[in-house]
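Topology and contacts: notes
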Amino acid sequence: MKIVIIGNGISGITTARYIRKQSDHEILVISAESDHFFSRTALMYIYMGHMKYEHTKPYEDWFWSKNRIELKNAYIQNIDFDSKKLFTVKGEEISYDKLVISTGSITNKFDWPGQDLKGVQGMVTKQDVELMEENTIGVTDAVVVGGGLIGIEMAEMLHSRNIHVHILVRDNVYWGGILPKQEAELVGRHIAEHKMNLITKSELKEIIGDENGKVKSIITKDGKEIKCGFVALTAGVSPNISLVKDSKLETDRGILVNDYLETNIKDVYSLGDCAQFRNPKENHPPVEQLWYTGKMQGRALANTICGTKTKYDRGIWFNSAKFLDIEYQTYGIMLKEPLSDEDTFYWEHKDGKISMRANFDKADGALRGFNFFGIRFKQTVADDWIRNKKDIGYCISNLNKGFFDPEFYKSYHKDIVEHFNKVQPQYQVKIAKKKFLVF
Amino acid sequence: MKIIRNIGLTIFLICFAVFLSLPFLGKYKLTEKTFTENFSDVNQQKVLKPALKDVFDKEYNSNVAFFNDYNKAFDDANKDFRDKKEWDKVINDNKILDITKSSSIGFVKDNSTLLFIICFLISALGGIMYMVPALFIKPVAGIKNDYIFKRGITSRGIIAFCFAAFLIIFYIFLYQKPAYLSNWVLLMDGLSNTLTGGNSSQWFLYGFLYCLVMSVMSVRMYIKYRNNNYQLLRTTSVLFFQIAFAFMIPNILTNLQLPSMDFKNIWPLDYTFFFDYRLTELTSNGMLGYWMLGWGIFLIIVGVPVMVYFFGKRWYCSWVCGCGGLAETLGDPFRQLSDKSLKAWKFERIIVHSVLVFAVVMTIAVLYTFFTGSPKLLGIDTYSIRQTYSFGIGFMFAGAIGTGFYPVMGSRVWCRFGCPLAAYLGIVQRFKSRFRITTNGAQCISCGNCSTYCEMGIDVRAYAQNGENIIRSSCVGCGICAAVCPRGVLKLENLAEEGRFDAYIRPEEKAF
């Protein structure tokens, strides 16, 4: 059987690797972006000079032929689902028995005037970073439109080149659609600490170019003009489905799939950023644009393709990010407001750069999730507590079991416990004793 | 702030240029008095004096001309004995470094205190002026590896190769032709007299430079990793052990006319530990000598395994060791240059364990000769084994390649490919230790920062992205992978041995 995978991102590659682990099927991975799999999450580090492109490749180049995963650098223009054939831009024909579409995302553009000027771009691909290198030469001021994760990454990238950054966000705080107010403010303060200009409650109206077609300023909806030589468009990404838009394949925002990542056409599957679940679980987004979920989907799909039909199960939600110097880890479903049956506990260090939040069931005190800023926490511990509905009092008292900061870091456990006992006086928890030297 | 930084760099470069020019400056005049001070043996004087009569009181403008004449005269004096094969009469040690130093006249000799201040103190100050402004230019603490791969010096540019060439040449002269560095050694006499009670040798100069470079580069470490207590403590520790244990204590012991010893240097890294002259020195110095010998053996047999069991080999390699100390300070800007390929790992395992075997065999041979008095073991001259090791491993590998290749192959070339002690520590760490780098579940995003900044060339990501803990014999536990990880995935820790190799599998995937 010949399995063709379009897209060499984490979801496509994970599928390929796990198919190989359990079968001898012929595997072909096609990408127009790069010859080899690389970590898209590391794009920012290439621009900042922390790494070179080759460092972002998780596997050495010999890995693919050794594992008989054929790679092809080509752009697929057309799919004939009836005869099971792909057509490249160059007119080549590739046949398949099973097809996996994992084409990833493209930058959202909302038909802003001037959005195609030189110096205006998003950051999704390797080519985007190369373009950004070119576009930021000689730039002193830049505007980042939108305050999500790519937004803060691009802001950090620009900042590393001593470019003054203005960040436009629609809400009244940074990433207000996702983060609770206190956390969003914490990140906002950190952005200000880096001398970046966070402009809240502000949206892009249009981008103005100069006589050479290069951006020179932007105008916000409230009529403010900001001079800039570069504009980063980071108001989210959407599934990259132009390849299948007007085909038999059912699409909405993304390619519609069931819990087995199957599309409406037999032997055609889709996963990762470009897929959209027909029936997402409650409080789960229909399109999951995450590294982690791409990996999990790939493993489940590999099973299905190899004959063991496996439902994709997200399990206990988790995610992480880094806002400039502040690391963020989250476990469980943590929305900007606790759910109606939840209570929330928030602790923040007096310096305002470290915080934690725990949401728990109002009725029985079962832990629902954690947010950590500037504290590292063990996934195994958080996963276990949330899964087994551990009582919040127990969790707070045993936080030290999950702390994952490097050795010799200050522990804030005592501080957190004291604060917890103060705001939740019905609990009077104590720090669980730590065994010294466990043999 | 940028101005201060540039002034600092300028000061450093000027001082460095002065330092580099010293071996080419100065005049040399050997007097009969100087000669008799260095060769007190009357028989030797009788042989050498006639040969050297043309050299006496002649003023040389360059050290090269001086060496030529002096060495020629020396050979002439020995020629007769050599021709007659009267080997016992041949004078082997020409004491050229001491002779050159004491024959130096003119500028360097007259201004040695001033030059000491310029070359070492002001240049250090310049270096610090270059580094400290980072606190103000990037006032928010956090990992900043910006531009590392865009600057020549840290990404194998031409300047990096020049620096490597300088280091290699420095080591070649230091070990093989120290007389050429006599003017540098001369600057150290004042300090050496205070500490050891005698004039400086090239090794005193080397020890001092080592401490100075580490101190200055520690400032950089303290600034760069100021958000990370593990790095701050570790830097303090290596600096302390270098200055106190490797430099001060041995020199003070020399001053007290006791056997000098670096109490933290462990065989087989300290490959001369069982050499006859050291054993004789220790056994002829009463209780203290025996205690020192016992301490050295205790470290090998008990210290290493017990400490590695509890803390991993990091207790030594990145907290105590001198080679590690230099790698973690001077070498830190080059750590990303180590080769992470599987091929490099294969070479590493073969080479480092071969060196360990070589060290053990060499030591057995040397001890055999020490105890039996027989110069040959299985027909091989033990002295030649020892010489081969000293030259090949001690000088070439540990010195010229180990440090010289910093700007090309990263800061741990010696530790990774050559150090026999690291191999020994590593075997214990791999098979019997509580140490591991724990991977935090499935949080890895495969970005590659950990692998890129691993100075030992471990592909950390390969483990982390599979949810596996990192347990590798080569890991020195510097903690930088955990520091540069943007997602808080890695943690160095000592936990129960049980389950340290278990990978994390999401409960949902356990059935797969």
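All residue numbers here refer to positions counted from 1 along the written sequence of the relevant chain. The naming scheme follows written order: chains are lettered A onward, ligands numbered 1 onward. Reporting in this predicted model follows two pLDDT cut-offs: at least 70 for local features of residues, and 80 or more for side-chain atom pairs to be given and counted; totals over whole chains, interfaces and linings ignore these cut-offs and use all residues. Water and hydrogen atoms were dropped before computing side-chain values, which therefore reflect all heavy atoms in the structure.

As recorded by an unreviewed UniProt entry, chain B carries the name FeS-binding protein and is attributed to Pedobacter psychrophilus.

How we decide: UniProt positions are given in the numbering used here, feature names are shortened, and annotations may be inferred rather than shown by experiment.
An unreviewed UniProt entry lists chain A under the name NADH dehydrogenase, with Pedobacter psychrophilus given as the organism. Quoted straight from UniProt, the Cofactor (unreviewed entry) entry for chain A says "FAD". Within the UniProt record for chain A, the comment given under Sequence similarities (unreviewed entry) is "Belongs to the FAD-dependent oxidoreductase family."

**Structural notes on the overall build of chain A**
Going by this rule: Counting from the N terminus, the helices are the DSSP runs of H or I reaching at least four residues and the strands are the DSSP runs of E reaching at least two. Radius of gyration here is computed from C-alpha atoms only, and the compact-globule reference equals 2.2 Å multiplied by the residue count raised to the power 0.38. Under the scheme applied here, a residue whose accessible area is under 20% of the maximum for its type counts as buried, over 50% as exposed, and between as partly exposed, the area being computed with a 1.4 Å probe on protein chains only. The contact criterion used is simple: two residues touch if any of their non-hydrogen atoms lie within 4.5 Å.
Within chain A one finds 10 helices and 25 strands. Its C-alpha radius of gyration of 24 Å places chain A within 12% of the 22 Å reference for a compact globule of 439 residues. When the backbone C-alpha atoms are referred to their principal axes, chain A occupies close to 70 × 60 × 40 Å. Residues counted as buried form 59% of the 439 residues belonging to chain A. A fraction of 60% describes how many contacts in chain A between residues 6 or more apart in sequence connect residues 24 or more apart.

**Some remarks on the interface of chain A and chain B**
How big an interface is tends to be reported as the loss of accessible area on association of its parts. Quick reminder of the rule: The quantity reported as buried area is the accessible area (1.4 Å probe) lost by two parts once they are put together, taken as the sum for both. By convention in these notes, a salt bridge is any Lys or Arg side-chain nitrogen within 4 Å of a carboxyl oxygen on Asp or Glu. Any N or O atom pair separated by 3.5 Å or less is treated as a polar contact, with the protein-specific requirement of one donor-capable and one acceptor-capable atom, and with residues adjacent in sequence counted only for side-chain atom pairs. Following the grouping adopted for this structure description, the nonpolar residues are Ala, Val, Leu, Ile, Met, Phe, Trp, Tyr, Cys and Pro, the charged ones are Asp, Glu, Lys and Arg, and the polar ones are all others, Gly among them.
Across the contact, 65 residues belong to chain A and 62 residues belong to chain B. Counting the surface lost from both chain A and chain B, the interface buries some 5100 Å², and carbon and sulfur atoms represent 47% of this. Counting across the interface, chain A meets chain B through 5 salt bridges. We note a salt bridge from Glu509 of chain B to Arg299 of chain A, for which the minimum N-O separation is 2.9 Å. If you look at where chain A meets chain B, you find 33 residue pairs in polar contact (both at pLDDT 80 or more). Breaking the side of chain A that touches chain B down by element, the ones donating at least two residues are helix H2 (43-48), helix H6 (181-193), helix H7 (291-305), strand E21 (318-323), strand E22 (326-331) and helix H8 (379-387) of chain A. The dominant element in the side of chain A that touches chain B, judged by the number of residues it contributes, is H7 of chain A, at 7 residues. Each residue belonging to the side of chain A that touches chain B can be placed in one class, and the counts come to 25 nonpolar, 18 polar and 22 charged.

**Focus on the packing of helix H12 (residues 202-224) of chain B against helix H13 (residues 229-255) of chain B**
Residues and elements named next belong to chain B. Put simply, the rule reads: Helix axes are fitted to C-alpha atoms over the stretch in contact, other axes to C-alpha atoms as well, and angles between N-to-C directions run from 0 to 180 degrees. Between 65 and 115 degrees an angle is taken as roughly perpendicular, under 35 as roughly parallel, over 145 as roughly antiparallel, and anywhere else as oblique. Note on convention: the crossing is left-handed when the near helix lies turned anticlockwise from the far helix by less than a right angle, right-handed when the turn is clockwise.
With their axes 10 Å apart at the nearest point, H12 and H13 run at an angle of 165 degrees to one another. Overall, the two elements H12 and H13 adopt an arrangement that is roughly antiparallel. At the point where H12 passes H13, the crossing takes the left-handed sense. Residue-level inspection shows Phe204, Gly207, Phe208, Tyr210, Cys211, Met214, Ser215, Ser218, Met221 and Tyr222 of H12 in contact with H13, the latter providing Leu232, Arg234, Thr235, Thr236, Val238, Leu239, Gln242, Ile243, Phe247 and Asn251. Here the contact of H12 with H13 is built from residues that sort into 12 nonpolar, 7 polar and 1 charged.

**Describing the domain arrangement of chain A**
Residues and elements named next belong to chain A. Let me state the cut-off plainly: Segment limits for the domains were obtained from an automatic or database-derived domain assignment.
Entries for chain A in the domain assignment read domain 1 (2-106 + 238-305), domain 2 (120-235) and domain 3 (318-423). The interface is formed by 20 residues belonging to domain 2 together with 19 residues belonging to domain 3. The junction of domain 2 with domain 3 conceals about 1700 Å² of combined surface from both sides, 63% of it contributed by carbon and sulfur atoms. Across the domain 2-domain 3 interface, the total number found is 3 salt bridges. Residue Glu183 pairs with Arg357 through a salt bridge whose shortest N-O separation is 2.8 Å. The interface formed by domain 2 and domain 3 includes 9 residue pairs in polar contact (both at pLDDT 80 or more).

**Structural notes on the packing of aromatic side chains**
Residues and elements named next belong to chain B. Quick note on the threshold: For Phe, Tyr and Trp, rings pair up if their centres lie within 6.5 Å, where Trp contributes its six-membered ring, and each pair is then called stacked (planes under 30 degrees apart), edge-to-face (over 60) or tilted (otherwise). A ring is considered to have a charge above it if a Lys NZ or an Arg CZ atom is located within 6 Å of its centre and within 35 degrees of its normal.
The full count for this structure, using the stated rule, is 75 aromatic pairs over all chains. Note on Phe19 and Phe120: the rings are 5.8 Å apart at their centroids and 65 degrees apart in plane angle, and the pair reads as edge-to-face. Taken together, the positions of Phe19 in helix H1 (residues 2-21) and Phe120 in helix H7 (residues 112-131) put the pair 101 residues apart, joining distant regions of the chain. Look at Phe120 and you get buried, because its relative accessible area is 1%. Ring centres of Phe163 and Phe334 lie 6.1 Å apart, and the angle between their planes is 35 degrees; this geometry places the pair in the tilted category. With Phe163 in helix H9 (residues 158-176) and Phe334 in the loop between helix H17 (322-329) and helix H18 (342-372), this pair connects stretches of sequence that are 171 residues apart. A residue is classified by how much of its surface remains accessible, and Phe163, at 23% relative accessible area, is partly exposed. When the ring centre of Trp345 is taken as reference, the NZ or CZ atom of Arg349 above it lies at 4.3 Å. The positively charged end of Arg386 is found above the aromatic ring belonging to Phe275, 4.3 Å away from the centroid.

**Examining the UniProt feature "transmembrane region" (unreviewed entry) in chain B**
Residue and element names in this part refer to chain B. Residues annotated in UniProt with the feature "transmembrane region" (unreviewed entry) correspond here to residues 7-26, 114-137, 158-176, 203-223, 235-253, 288-311, 350-371 and 391-408. Between the end C-alpha atoms of residues 288-311 there is a gap of 30 Å, over a span that is 100% helix and 0% strand. This span, residues 350-371, is 100% helix and 0% strand, and a straight line between its end C-alpha atoms measures 32 Å.

**Thoughts on the UniProt feature "domain: FAD/NAD(P)-binding" (unreviewed entry) in chain A**
What UniProt calls "domain: FAD/NAD(P)-binding" (unreviewed entry) maps, in this numbering, to residues 1-285 of chain A. Taken end to end, residues 1-285 of chain A is 21% helix and 28% strand, and its first and last C-alpha atoms sit 33 Å apart.

**Some remarks on a nonpolar patch on the surface**
Filter applied, for reference: Residues qualify for a patch when their relative accessible area is over 30% and they have no salt bridge, like charges being joined within 9 Å and the nonpolar side chains of Val, Leu, Ile, Met, Phe, Trp and Tyr within 5 Å. Surface accessibility in these figures is a Shrake-Rupley result with a 1.4 Å probe; residues are shielded only by whichever protein chains are displayed.
A cluster of nonpolar residues, Ile252, Leu256, Leu258, Leu288 and Trp291 of chain B, forms a patch on the protein surface that exposes about 450 Å² of accessible area. Tracing the backbone shows Ile252 of chain B in helix H13.

**Structural notes on the environment of Lys46 of chain B**
Here Lys46 of chain B lies in helix H3 (residues 42-52). Sequence separation between Lys46 of chain B and Thr403 of chain B is 357 residues; the distance between their C-alpha atoms is 43 Å.

**Quick look at unusual backbone geometry**
Residue and element names in this part refer to chain B. The linkage connecting Trp267 with the following residue, Pro268, adopts the cis geometry, with an omega of 10 degrees. Relative to the elements of secondary structure, Pro268 occurs in the loop between H13 and helix H14 (276-283). Despite not being glycine, Asp57 has its phi angle at roughly 65 degrees, a positive value. One can find Asp57 in the loop between H3 and strand E2 (59-60). Judged by relative accessible area, Asp57 falls into the exposed class, the value being 52%.

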